[in-house]
Amino acid sequence: MTTAIAPQTVSTHLRPIDRDGLMAFAEKGRNNPATRGTNKVHTITDGQYRTVSHINHHEVVVDEPLHLFGEDTAPAPGEIVLSGLGGCLCVGITAVATWKQVKLSKLEVFMEGDIGNPAAWGAGGAEMQPEQMGFQEIRVKVLIEGDASREELDEIVKHANYFSPVANTMRNPIPFSISLMD
């Protein structure tokens, strides 16, 4: 005689971050809201449009696709920008979920950005004003699963988006300077 075994649901969660560390970091921010960090990147052209950016002990390679006269050996600069946005949103969503003690089992961010360069990087082509160039619209969709209701997960995503440094950099004009090295 065979006995039926009840099926079991196996649920796994994404690796968590240190909640106590997060709460201590948040407390430091509450005590000194004017605190700023500085990100530093050193980018070197490798030839044609291919560049290698050195960031601490990491490297990020950027290129342009063939139809833009690159070698298509790496993501294009705009794709790297969207990648940074996606990473920042994931960090924020993970932090907010940890703060709210929600265990996530899946987190994926899908981004699309409409970008054009009819001015051919200023080398000719259509005459454009700066506000007409670059990303004109960015659309983000988040696939998130965890031990919370859809409404709670939606609130986590909205909260993370509101406080995302990269999303806010993209939404808000900032002072920008460029000059030759001395």
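For the structure, check the block above.
Remember, predicted model here, so these are calculated numbers, not experimental data.

Colleague: What should I look at first to understand the packing of aromatic side chains in this one?
Modeller: Aromatic rings considered in pairs are described by the distance between their centres and by the relative angle of their planes. Counted according to the given criterion, the structure contains 1 aromatic pair. Centre to centre, the rings of Tyr-162 and Phe-163 are 4.8 Å apart; their planes meet at 75°, and the pair counts as edge-to-face. One exposure class covers both Tyr-162 and Phe-163, and it is exposed.

Colleague: For this particular structure, what's the right way to read helix α3 (residues 150–163)?
Modeller: In an α-helix, one full turn covers 3.6 residues, which means residues spaced three or four apart are oriented alike. Taking 1.5 Å of rise per residue, the 14 residues of α3 would be expected to cover 20 Å, and the 20 Å separating its terminal C-alpha atoms lies within 8% of that figure. Among all positions of α3, only Leu-153, Ile-156, Val-157 and Ala-160 are buried. Looking straight down α3, one finds that the buried residues subtend no more than 95° of arc, so they occupy a single side. Counted as exposed and oriented over 90 degrees from the buried face of α3: Glu-151, Tyr-162 and Phe-163. Those residues of α3 hidden inside the fold are in contact with α2 (77–99), β4 (104–116) and β5 (134–146).

Colleague: Can you walk me through the state of the cysteines in this structure?
Modeller: In a disulfide, the sulfur atoms of two cysteines are held together by a covalent bond. Taken as a whole, this structure holds 0 disulfides when the rule is applied. Unpaired in terms of disulfides, Cys-88 finds its nearest cysteine sulfur in Cys-90, a separation of 9.5 Å. Here Cys-88 falls in the buried class, since its relative accessible area comes to 16%. A relative accessible area of 22% means that Cys-90 is categorised as partly exposed.

Colleague: Whenever I open this one, the sheet that holds strand β3 (residues 58–62) confuses me. Can you help?
Modeller: Spatially, β1-β2-β3 is the arrangement adopted by the 3 strands of the open sheet, whose pairing is antiparallel. With partners counted over all chains shown, the strands left at the sheet margins are β1 (42–47) and β3, one partner each. The sheet shows a mean angle of 25° between the axes of neighbouring strands, taken without regard to direction. Pairing of β1 with strand β2 (residues 50–55), which is carried by 5 bridges, proceeds in the antiparallel orientation. Along β2, the bridge assignment pairs Thr-45 with Thr-51.

Colleague: Hey, could you run me through the layout of surface pockets in this one?
Modeller: Any space left empty among the atoms is revealed by the rolling of a water-sized probe across them. Volume-wise, the largest pocket comes out at about 2,900 Å³. Asn-39, Cys-88, Pro-165, Val-166 and Thr-169 are, among the 49 residues lining the largest pocket, the residues nearest its centre. Residue composition of the lining of the largest pocket, grouped by class: 27 nonpolar, 19 polar and 3 charged. Estimates place the volume of the second largest pocket at around 620 Å³. Along the wall of the second largest pocket there are 19 residues; nearest its centre are Gly-78, Ile-115, Gly-116, Asn-117 and Gly-134. Counting residues per element, the ones that place at least two in the lining of the second largest pocket are α2, β4 and β5. The element contributing the most residues to the lining of the second largest pocket is α2, with 5 residues.

The rules we used
- Residues numbered from 1 in each chain as written.
- Predicted model: local features only at pLDDT ≥ 70, side-chain atom pairs only at ≥ 80, totals over all residues.
- Heavy atoms only, no water.
- Phe/Tyr/Trp six-rings, centres within 6.5 Å; stacked < 30°, edge-to-face > 60°.
- Buried < 20%, exposed > 50% of the residue type's maximum accessible area, 1.4 Å probe, protein only.
- Helix = DSSP H or I, 4+ residues; strand = E, 2+ residues; numbered from the N terminus.
- Expected span 1.5 Å × (residues − 1).
- Arc of directions from axis to C-beta.
- Contact = heavy atoms within 4.5 Å.
- Disulfide = S-S within 2.5 Å.
- Pairing = 2+ DSSP bridges.
- Axes fitted to C-alpha atoms, helices over the stretch in contact; angles between N-to-C directions.
- 1 Å grid on protein atoms, 1.4 Å probe; cavity = no way out; pocket = protein on both sides within 12 Å on 5 of 7 lines; lining within 4 Å.
- Points joined across faces, edges and corners; volume = space filled by probe spheres on them.
- Nonpolar A, V, L, I, M, F, W, Y, C, P; charged D, E, K, R; others polar.

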